[in-house]
Amino acid sequence: MKYIKYIALAAFFACGVCSCSEDSLDDQSVFSTEAPQRNEFDIWLLNNYVYPYNIDFKYRMEDKESDHDYNLTPADYDKSVAMAKLVKFLWIDAYTEVMGDRTFICTLGPKMIHLVGSPAYDEGQITLGTAEGGLKVTLYNVNTLDPHNPDIEVLNFWYFKTMHHEFTHILHQTVEFPKEFYEVSTGRYTGAGWVNITDEKALKRGFITNYASTEVHEDFAETVANYVTHDEAWWQQQLSIAGDGASYIDQKLELAKSYMTETWNIDLESLRDIVQRRSSEVVRLDLTNLND
Ligand SMILES: [Zn+2]
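Here's what I pulled together on the structure shown here.

Rules used throughout
- Residues numbered from 1 in each chain as written.
- Predicted model: local features only at pLDDT ≥ 70, side-chain atom pairs only at ≥ 80, totals over all residues.
- Heavy atoms only, no water.
- Core = buried A, V, L, I, M, F, W, Y, C linked by side-chain atoms within 4.5 Å.
- Buried < 20%, exposed > 50% of the residue type's maximum accessible area, 1.4 Å probe, protein only.
- Helix = DSSP H or I, 4+ residues; strand = E, 2+ residues; numbered from the N terminus.
- Contact = heavy atoms within 4.5 Å.
- Axes fitted to C-alpha atoms, helices over the stretch in contact; angles between N-to-C directions.
- Parallel < 35°, antiparallel > 145°, perpendicular 65-115°, else oblique.
- Left-handed = near helix turned anticlockwise from the far one by under 90°.
- Nonpolar A, V, L, I, M, F, W, Y, C, P; charged D, E, K, R; others polar.
- Donors = N, O, S within 2.8 Å, 3.2 Å for Na, K, Ca; no water.
- Salt bridge = Lys/Arg side-chain N within 4 Å of Asp/Glu carboxyl O.

A closer look at the nonpolar core
By size, the foremost hydrophobic cluster in this structure holds 72 residues, and its most contacted members are Tyr 49 and Phe 160. Among the elements that make up this core, the one with the highest residue count is helix α3 (residues 77-99) (13 residues). Contact partners of Tyr 49, with chain neighbours within four places excluded, come to Trp 44, Asn 54, Ile 55, Phe 57, Ala 84, Val 87, Lys 88, Ile 92 and Ile 113.

What follows is the structure, encoded as structure tokens:
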């Protein structure tokens, strides 16, 4: 039920054309007309997320948005500022650049990005991020981010591979990828047993990571997310470790590339070039200043 609220909220924000009814209205609004108390960061978020992209960026922990299975702490203010600037630069602006305008993220982007300060541990596993029905992405462990010394490998591991992974789920949940992708590794998926195989073993079995071996949709999301967030040298290194498994990974990458081009008009190589270039520019960003 809670998703309905976000869809209704989305309809209020100007993300494209807004049409208004001509019906005569009671001049007594049922909503409070008092302006909410907004700090400098809230205003930055309005101008950089809400108005242009229709994305609600939640950094204050609200109990109803959090997973009650975990013991979680809120994201610190400074870390949230840094994360908001990084998500915009490395993820939203990368898609906007490859697509040429904001429409794609406006239409398909999550309606909410939710930050949590602590990691989410569950029986020895750490959840890096979650996506719910394409509407909300939660990023955990935000408080370990160092705004003055961002390390792109750490950022990719904790956050941006996760953002691309979760967004890839949104895309294939909107338009499913072709059956050919299912067939490449059919019968080789490990389900919950993925935790018992190393990345190296997974590569030899034809999966880019051990998590990709879970099932076909995770395989697809991991293939895209790892391709975009790593350079060609890394990718080739994985293929050489994979040995005989490399041909499976190659086939799946080619199918993912043609799906992205044919379904979404996204050239995955261009997206990767843009993400790689932006990743190299992160060290030059001021992740504390809200006025640039
Ligand atoms: Zn996933």
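Overview of the packing of helix α2 (residues 40-53) against α3
Across the interface, α2 lies against α3 with an axial gap of 11 Å and an inter-helix angle of 20°. Considered as vectors, α2 and α3 are oriented roughly parallel to each other. In the crossing of α2 with α3, the sense of the turn from one axis to the other is left-handed. The segment α2 lies against α3, with Phe 41, Trp 44, Leu 45, Asn 48, Tyr 49 and Tyr 53 engaging Tyr 77, Ser 80, Val 81, Ala 84, Lys 85, Val 87, Lys 88, Ile 92, Asp 93 and Thr 96. Of the residues assigned to the contact of α2 with α3, the class counts are 10 nonpolar, three polar and three charged.

Concerning unusual backbone geometry
The phi dihedral of Asn 54 falls on the positive side, at around 65°, and the residue is not glycine. By secondary structure assignment, the location of Asn 54 is in the loop between α2 and β1 (56-58). For Asn 141, which is not a glycine, the phi torsion comes out positive at approximately 65°. Along the polypeptide, Asn 141 turns up in the loop between β6 (136-139) and α5 (152-174).

Quick notes on the coordination of the zinc ion
Between any two of four tetrahedral donors, the ideal angle at the metal is 109.5 degrees; between two of six octahedral donors, it is 90 or 180 degrees. Within the protein, the zinc ion binds to His 165 (NE2), His 169 (NE2) and Glu 218 (OE); these donor distances fall in the range 2.0 to 2.1 Å. Accessibility expressed as a relative area gives 14% for Glu 218, which makes it buried.

Re the packing of α3 against helix α11 (residues 268-281)
Running from amino to carboxyl end, α3 crosses α11 at an angle of 140°, the nearest separation of the two axes being 9 Å. Comparing the axis directions of α3 and α11 gives the class oblique. Remark: the crossing between α3 and α11 carries right-handed chirality. Contacts between α3 and α11 pair Phe 89, Leu 90, Asp 93, Ala 94, Tyr 95, Glu 97 and Val 98 from the former with Ser 270, Leu 271, Ile 274, Val 275, Arg 277, Arg 278, Ser 279 and Glu 281 from the latter. Partitioned by chemical class, the residues of the contact of α3 with α11 number eight nonpolar, two polar and five charged.

Side note on the pattern of salt bridges
Under the counting rule described, the total for this entry stands at 11 salt bridges. Where Lys 161 meets Glu 222, a salt bridge forms, and the shortest distance between an N and an O atom there is 3.8 Å. In this pair, Lys 161 is assigned in helix α5 and Glu 222 in helix α8 (residues 216-229), connecting sequence segments 61 residues apart. The exposure classification of Lys 161 matches that of Glu 222, with both residues buried. Linked by salt bridges that have partners in common, Glu 97, Arg 277, Arg 278 and Glu 281 make up one network.

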